[in-house]
Amino acid sequence: MTKERLYIFDTTLRDGAQTAGIEFSLEDKIAICGLLEELGVDYIEGGYPGANPVDTEFFDTRRTTRARFTAFGMTKRAGRSAANDPGLQGLINSQADSVCFVAKAWDHQVTVALEISLEDNLANLRDSVATTVAANKEALVDCEHFFDGFKANPDYALQCVKTALDAGARWVVLCDTNGGTMPAEVALIVSSVLAIAPGTHLGIHAHDDTGQAVANTLAAVDAGVRQIQGTLNGIGERCGNANLITLIPTLLLKPVFADRFETAIPSASLARLTQVSRAFDDRLNRAPFRQAPYVGASAFATKAGIHASALLKDFSSYEHVPPESVGNERSIMVSQQAGKSNLLTALARHGIALAKDDPRLEKLLATVKDRESRGYSYDGADASFAILAHEVLGTLPNFFAVDTYRASVERRHNAQGEEITVTEAVVKIRVEGEVLMSVAEGNGPVNALDLALRKDLGKYSSRIEDLELVDFKVRILDGGTGAVTRVLVESRDGTGERWFTIGVSANIIDASFEALYESITYKLLKTETP
Ligand SMILES: CC(=O)SCCNC(=O)CCNC(=O)[C@H](O)C(C)(C)COP(=O)(O)OP(=O)(O)OC[C@H]1O[C@@H](n2cnc3c(N)ncnc32)[C@H](O)[C@@H]1OP(=O)(O)O
Ligand SMILES: CC(=O)C(=O)O
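Residues numbered from 1 in each chain as written. Chains lettered and ligands numbered in written order. Predicted model: local features only at pLDDT ≥ 70, side-chain atom pairs only at ≥ 80, totals over all residues. Heavy atoms only, no water.

1. Re helix H5 (residues 118–134)
Item 1. Taking 1.5 Å as the rise per residue, H5 with 17 residues should run 24 Å; its terminal C-alpha atoms sit 24 Å apart, in good agreement.
Item 2. Where H5 is concerned, the buried positions are Asn121, Leu122, Asn124, Leu125, Ser128, Val129 and Thr132. Around the axis of H5, the buried residues are gathered within 160 degrees of arc, so they sit on the same side. Those residues of H5 that are exposed and angled more than 90 degrees off the buried face are Glu119 and Ala134.
Item 3. Close packing links the buried residues of H5 with helix H3 (86–93), strand S5 (98–104), helix H4 (107–114), strand S6 (138–144) and helix H7 (154–166).
Item 4. Once H5 ends, the next one or two residues include asparagine 136, with phi positive near 65 degrees. (Helix = DSSP H or I, 4+ residues; strand = E, 2+ residues; numbered from the N terminus. Expected span 1.5 Å × (residues − 1). Buried < 20%, exposed > 50% of the residue type's maximum accessible area, 1.4 Å probe, protein only. Arc of directions from axis to C-beta. Contact = heavy atoms within 4.5 Å.)

2. Some thoughts on the confidence of the model for the protein chain
Item 1. Overall, the prediction assigns the protein chain a mean pLDDT of 95, with 99% of residues at 70 or greater.
Item 2. Across the predicted assembly, pTM comes out at 0.83 and ipTM at 0.93. (pLDDT = per-residue confidence, 0-100.)

3. As for the site of ligand 2
Item 1. Near ligand 2 the following residues occur: Arg14, Asp15, Asp142, Glu144, Cys175, Thr177, His205 and His207.
Item 2. Note that an oxygen atom of ligand 2 is positioned 3.0 Å from one of the side-chain N or O atoms of aspartate 15.
Item 3. Classifying every residue of the shell around ligand 2 by side-chain character gives one nonpolar, three polar and four charged. (Near = heavy atom within 4 Å. Polar contact = N/O pair within 3.5 Å; in protein donor to acceptor, adjacent residues only side chain to side chain. Nonpolar A, V, L, I, M, F, W, Y, C, P; charged D, E, K, R; others polar.)

4. Describing the packing of helix H14 (residues 305–313) against helix H15 (residues 340–349)
Item 1. With their axes 7 Å apart at the nearest point, H14 and H15 run at an angle of 60 degrees to one another. Between H14 and H15, the interaxial angle falls into the category oblique. Residues Gly305, Ala308, Ser309 and Leu312 of H14 pack against Ser341, Asn342 and Thr345 of H15.
Item 2. Its residues assigned to classes, the contact of H14 with H15 shows two nonpolar, five polar and no charged. (Axes fitted to C-alpha atoms, helices over the stretch in contact; angles between N-to-C directions. Parallel < 35°, antiparallel > 145°, perpendicular 65-115°, else oblique.)

5. Topic: the environment of valine 435
Item 1. Of note, valine 435 is situated in strand S15 (residues 434–442).
Item 2. The class of valine 435 is partly exposed, set by a relative accessible area of 42%.
Item 3. Sequence spacing of valine 435 and glycine 503 is 68 residues, and the spatial spacing of their C-alpha atoms is 24 Å.
Item 4. Here valine 435 is in contact with Asp403, Lys428, Ile429 and Arg430, once residues within four sequence places are set aside.

6. Observations regarding the packing of aromatic side chains
Item 1. For the structure on display, the rule yields 13 aromatic pairs.
Item 2. Measuring from ring centre to ring centre gives 5.7 Å for tyrosine 48 and phenylalanine 72, while their planes differ by 80 degrees; the resulting arrangement is edge-to-face. Of this pair, tyrosine 48 sits in the loop between strand S3 (43–47) and helix H2 (53–58) while phenylalanine 72 is found in strand S4 (residues 68–74), placing the two residues 24 residues apart along the sequence.
Item 3. A relative accessible area of 24% places tyrosine 48 in the partly exposed class.
Item 4. A centroid spacing of 5.4 Å and a plane angle of 45 degrees characterise the contact between tryptophan 499 and tyrosine 522, whose relative ring orientation is tilted. In this pair, tryptophan 499 is assigned in strand S18 (residues 498–505) and tyrosine 522 in helix H19 (residues 508–526), connecting sequence segments 23 residues apart.
Item 5. Ring pairs connect the aromatic residues Phe58, Phe59 and Phe69, which therefore count as one cluster.
Item 6. Lying over the aromatic face of tyrosine 7, arginine 170 brings its terminal NZ or CZ to 5.8 Å of the ring centre. (Phe/Tyr/Trp six-rings, centres within 6.5 Å; stacked < 30°, edge-to-face > 60°. Lys NZ or Arg CZ within 6 Å of the ring centre and 35° of its normal.)

The structure is reproduced here in structure tokens:
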């Protein structure tokens, strides 16, 4: 069966720029454009030249080689010709290959928001498209509020579509601008549009206000549209746009779509999808969403013991696609929900092989569950799990013991009479019977303790030289006077490996010290020669 072509239109740099809390610099736009080119989308909507200096400069140069470089803007204003409309001329004179106009398709919005007649709106749309095509640029039209407009006045909404196509638009995109349309309504309304326009010229632009932007996009594709608009990781105005990072694998991996359609996305991009999604979050300086479909850290993570047991016998028990098909990985976690199968997988990760009927496994499982009930959480602290496992199995080397530690914070005045805060820590450890005492100042008690603890580890000092503390998170588990503090420390070393350790105590300094101590112990464990 010949497959039909689906076109992927990315609007991360335009609708994504309308996300609360996100502001792209020119450098961000250039870098994200590179990421999208690599991914292989058909259209990259880079922004709105003329709306702000960053977008104007972005469109001074052609930024893509594969994708169609697309500028967004509104249709010409009423009461002036296309030739005399500076906004429209800015779009045409930019380095874009294509111009995507936003045009209102809901009669009520034309009257209330634009304050012009329905006929003038159609004339603006017609002239804007015709002028763009005459200037040898491809024209697209985003029919704003299309679905709400269709419900209110189907004839007018359809007139907007027909006017755009008759004027030469390559694509008319049906927008669920307010994001309130249901998938069944999308399917029904798209079928009505197909009576006057071919699906090969129709697109869908869905917002996620009811959490159904992806479902609405798929419903529209199923009904007949052949262009889909969306953004990386689903960013966009209000609740965001249809998430391309969810849509792309669905279209490529699910037979119901993959058997009927093809896209320009190469299989190599699909296999790098998780990296693309995380590189984008890195650029936004935000933590990736763990539960993101396909690419989240939890997308192929199994916590429940019963699931882990079946998964190890057959991965398809709890995985709808193989994690490596989207560049993600499987993870079987250790927690209160775990059974022996989880533990065996986690132990194997640390090079520890045990038989399922080894009585020490039962003891380790009971210890994990007991500690989790006191506030530990090993599914996010795999290095602490490795240490605990070695402890319970009796294979943890006696690297060093902490005799005492002390941290103090003092507010005082310096010689100039200015108020300063001095933090100091003293740590006394014992390495093979030798007592080593170190003192350090830090910018806080945890920093001072970290520095003091690592200052002199005797014969182990050279093995922790490249150890670095990357992040430190504190969580109070129960409120009130009985509060327990959980500290998670993230460390890394020169090999690039990152690991997490945990500490739990009623005292925040104690919890921090435990996590720091375990970070060093893990580094020594991993550099231990058998
Ligand atoms: C549904 C969407 O996501 S559409 C995308 C919207 N994106 C943006 O608005 C981001 C970029 N926008 C901007 O920087 C600014 O709004 C600008 C530069 C475009 C315009 O700024 P201003 O000239 O100050 O106008 P302002 O933003 O206050 O209002 C929009 C104007 O455009 C008119 N307008 C809105 N849509 C259209 C349209 N499709 N065609 C023609 N005119 C339109 C409105 O009627 C309003 O006109 P008015 O000022 O005469 O009342
Ligand atoms: C054009 C657009 O972004 C919308 O209608 O949502």
